[in-house]
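Observations on the three-dimensional arrangement
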Amino acid sequence: MKIAIIGAGNMGSAIAKGLAKIESDKETFNICIANRSKGKLEKLKDESPTLSIANSFNEAIEKANLIILAVKPWAMKETLANLKFTADQTVASVAAGITFEQLAEWTTGTERFYRIIPNTAISHQASMNIIASHNTSASDDTKMLELFNHLGTSILLPESKMAAATALASCGIAFLFKYIQASMQAGVELGLTPTEAKLLASQAAIGAGTILSKDVSTHPSTEIDKVTTPGGITIKGVNELDKQGFTTAIIEAIKKSI
Ligand SMILES: NC(=O)c1ccc[n+]([C@@H]2O[C@H](COP(=O)([O-])OP(=O)(O)OC[C@H]3O[C@@H](n4cnc5c(N)ncnc54)[C@H](OP(=O)(O)O)[C@@H]3O)[C@@H](O)[C@H]2O)c1
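Values in this document were obtained by computation on a predicted structure and should not be read as measured data.

We now examine the sheet that holds strand S4 (residues 66-69). Pairing in this open sheet of 8 strands is mixed, and the strands run S3-S2-S1-S4-S5-S6-S7-S8 from one edge to the other. Looking at the sheet topology across the chains shown, the edges are occupied by strand S3 (52-53) and strand S8 (152-156). The pairing of strand S1 (residues 2-6) with strand S2 (residues 30-34) spans 5 bridges and is classified as parallel. In the sheet register, Ile3 faces S2, and the bridge partner there is Ile31. Across the sheet, helix H6 (residues 138-149) is in contact with S1, S4, strand S5 (90-93), strand S6 (113-117), strand S7 (127-134) and S8; its angle to S8 comes to roughly 155°.

Pasting the structure below:
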């Protein structure tokens, strides 16, 4: 499979580095990346020597099966105007807010599209990747999910659910950082060093995420029940969170992020 990545910013580079690490017995991946300016590409090649660097966007997409567009949303129309695709190529955009309708209007040569919204954990292959498809086959969708599972976990959703999903997974990572930051502030006030507090709070967050993702039958309420001994200290903290408006704050923050 030949994959071209257009744009070597934070997102394009993270995708390129993650895909370059794939070791598969089933398929060989050839990853080629191009960027408007050159400096970022040399650094990327040093970090991931198996990547191919193209001198232009059109050179990168030549013979590619999948083209991942990772330029800024406002640069998408201009970038697509200069690209020539063929009907068997699939274009995947990671640009936030750019719809299939816009992609179809700005693209010539192919009508097969994906929208992908990863989050910043993609640099550690731990991203939640939200994928929507347009004019693609079920087997293409399966391959796309498998490809992005190498960079974390992927879910296929209709485009109509992308904004809500983005609020939970992409904006949500910032809300989780706020929780960890607040925990650290409390921990330091209670005598822990910032390093100790960061490890304790972030590992607790990883633990909660791991429990919920590994055990599909469980639910946050079940897990809270397990740690709240009647009359114990945890229930006092949980009740204080609700008294201080924690649940409402999270619901409103997610609704505001649409
Ligand atoms: N970062 C995230 O967490 C995240 C999450 C989901 C989706 N995204 C999406 O990923 C895309 C890239 O974001 P980023 O975070 O990687 O930004 P970034 O680090 O600032 O990189 C921006 C990229 O866009 C290119 N670009 C900007 N203007 C251009 C133009 N007029 N013509 C051609 N290329 C142009 C830049 O090229 P130069 O290097 O030459 O400036 C660079 O490759 C965006 O569409 C964003 O919505 C990002």
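Moving on to the pairing of S5. Where burial is concerned, the two faces of S5 agree: the one with Thr90 and Ala92 and the one with Val91 and Ser93 are both buried. Note that the unit made of S4, helix H4 (residues 76-81) and S5 has a crossover that is right-handed. Of the strand pairs in this sheet, S5 and S6 are connected by 3 bridges, and their pairing is parallel. Note on S6: the bridge partner recorded for Ser93 is Arg115.

This part is about the packing of helix H7 (residues 162-189) against helix H8 (residues 194-214). Packing of H7 against H8 brings their axes to within 9 Å, and their N-to-C directions diverge by 140°. It follows that H7 is oblique to H8 by the angle criterion. Seen along the crossing, H7 lies across H8 with a hand that is right-handed. Residues Ile180, Ser183, Met184 and Val188 of H7 form the contact with H8, whose own contacting residues are Pro194, Ala197, Lys198, Ala201, Ser202 and Ala205. A class-by-class count of the residues in the contact of H7 with H8 yields 7 nonpolar, 2 polar and 1 charged.

As a further point, take the nonpolar core. By size, the foremost hydrophobic cluster in this structure holds 31 residues, and its most contacted members are Ile6, Ile67, Leu69, Met76 and Leu80. Discounting chain neighbours no more than four positions away, the residues touching Leu69 are Ile6, Met76, Leu80, Leu83, Val91, Ala92, Ser93, Val94 and Ala95. Within the second largest apolar cluster, 26 residues are counted, among which are Ile5, Ile68, Val94 and Phe148.

Moving on, we come to the site of the ligand. Near the ligand there are 21 residues, and of these Met11, Asn35, Ser37, Lys40 and Val71 occur at the shortest range. A distance of 3.3 Å is found between an oxygen atom of the ligand and a backbone nitrogen or oxygen belonging to Gly9. Contact distances for the ligand include 3.2 Å between an oxygen atom and a backbone N or O atom of Lys72. Taking 900 Å² as the accessible area of the ligand by itself, protein coverage stands at 81%. For the shell around the ligand, the secondary structure elements donating two or more residues are helix H1 (10-20) and H4. When the residues that make up the shell around the ligand are grouped by side-chain class, the tally is 10 nonpolar, 7 polar and 4 charged.

Moving on, we get to the packing of H7 against helix H11 (residues 246-256). At a minimum axis separation of 10 Å, H7 and H11 run at an interaxial angle of 140°. Between H7 and H11, the angle is such that the two are oblique. Crossing angle aside, the handedness with which H7 passes H11 is right-handed. Counting all contacts with H7, which are made through Ala167, Leu168, Phe175 and Tyr179, the residues of H11 involved are Phe246, Ala253 and Ile254. Its residues placed into classes, the contact of H7 with H11 shows 7 nonpolar, no polar and no charged.

A common way to state how big an interface is: give the accessible area lost once the parts meet. Entries for the chain in the domain assignment read domain 1 (2-160) and domain 2 (172-256). Its C-alpha centre places domain 1 at a distance of 34 Å from the equivalent point of domain 2.

Attention shifts here to the environment of Ser24. You can see Ser24 is positioned in the loop between H1 and S2. Its relative accessible area of 30% is what places Ser24 among the partly exposed residues. Here the alpha-carbon distance between Ser24 and Ser137, two residues 113 residues apart in the chain, equals 22 Å.

Positionally, Ile131 belongs in strand S7. Taking C-alpha positions, Ile131 is 17 Å from Ala14, a pair spaced 117 residues apart along the chain. The residues contacting Ile131, other than those within four sequence positions of it, are Tyr114, Arg115, Ile116, Met144, Leu145, Phe148, Ser154, Ile155, Leu156, Leu157 and Met162.

Here we take up the pattern of salt bridges. Summed over the entire model, instances satisfying the criterion amount to 7 salt bridges. Where Asp140 meets Arg112, a salt bridge forms, and the shortest distance between an N and an O atom there is 3.5 Å. A residue pair is termed long-range when its members are at least 10 positions apart, and Asp140 in helix H6 and Arg112 in the loop between helix H5 (100-106) and S6 qualify at 28 residues. A relative accessible area of 25% places Arg112 in the partly exposed class. With its nearest N and O atoms 3.1 Å apart, the salt bridge here joins Lys226 to Glu223. On the criterion of helical spacing, the pair formed by Lys226 and Glu223 is a turn pair, its members being 3 residues apart in helix H9 (residues 220-227). On the basis of relative accessible area, Lys226 is assigned to the exposed category, the value being 58%. Through salt bridges that share partners, Lys17, Lys43 and Glu47 make up one connected network.

The rules we used
- Residues numbered from 1 in each chain as written.
- Predicted model: local features only at pLDDT ≥ 70, side-chain atom pairs only at ≥ 80, totals over all residues.
- Heavy atoms only, no water.
- Pairing = 2+ DSSP bridges.
- Helix = DSSP H or I, 4+ residues; strand = E, 2+ residues; numbered from the N terminus.
- Contact = heavy atoms within 4.5 Å.
- Axes fitted to C-alpha atoms, helices over the stretch in contact; angles between N-to-C directions.
- Buried < 20%, exposed > 50% of the residue type's maximum accessible area, 1.4 Å probe, protein only.
- Right-handed = clockwise from strand over helix to strand, strands pointing away.
- Parallel < 35°, antiparallel > 145°, perpendicular 65-115°, else oblique.
- Left-handed = near helix turned anticlockwise from the far one by under 90°.
- Nonpolar A, V, L, I, M, F, W, Y, C, P; charged D, E, K, R; others polar.
- Core = buried A, V, L, I, M, F, W, Y, C linked by side-chain atoms within 4.5 Å.
- Near = heavy atom within 4 Å.
- Polar contact = N/O pair within 3.5 Å; in protein donor to acceptor, adjacent residues only side chain to side chain.
- Areas by Shrake-Rupley, 256 points an atom, 1.4 Å probe, with all protein chains shown as cover.
- Domains from an automatic or database assignment.
- Salt bridge = Lys/Arg side-chain N within 4 Å of Asp/Glu carboxyl O.

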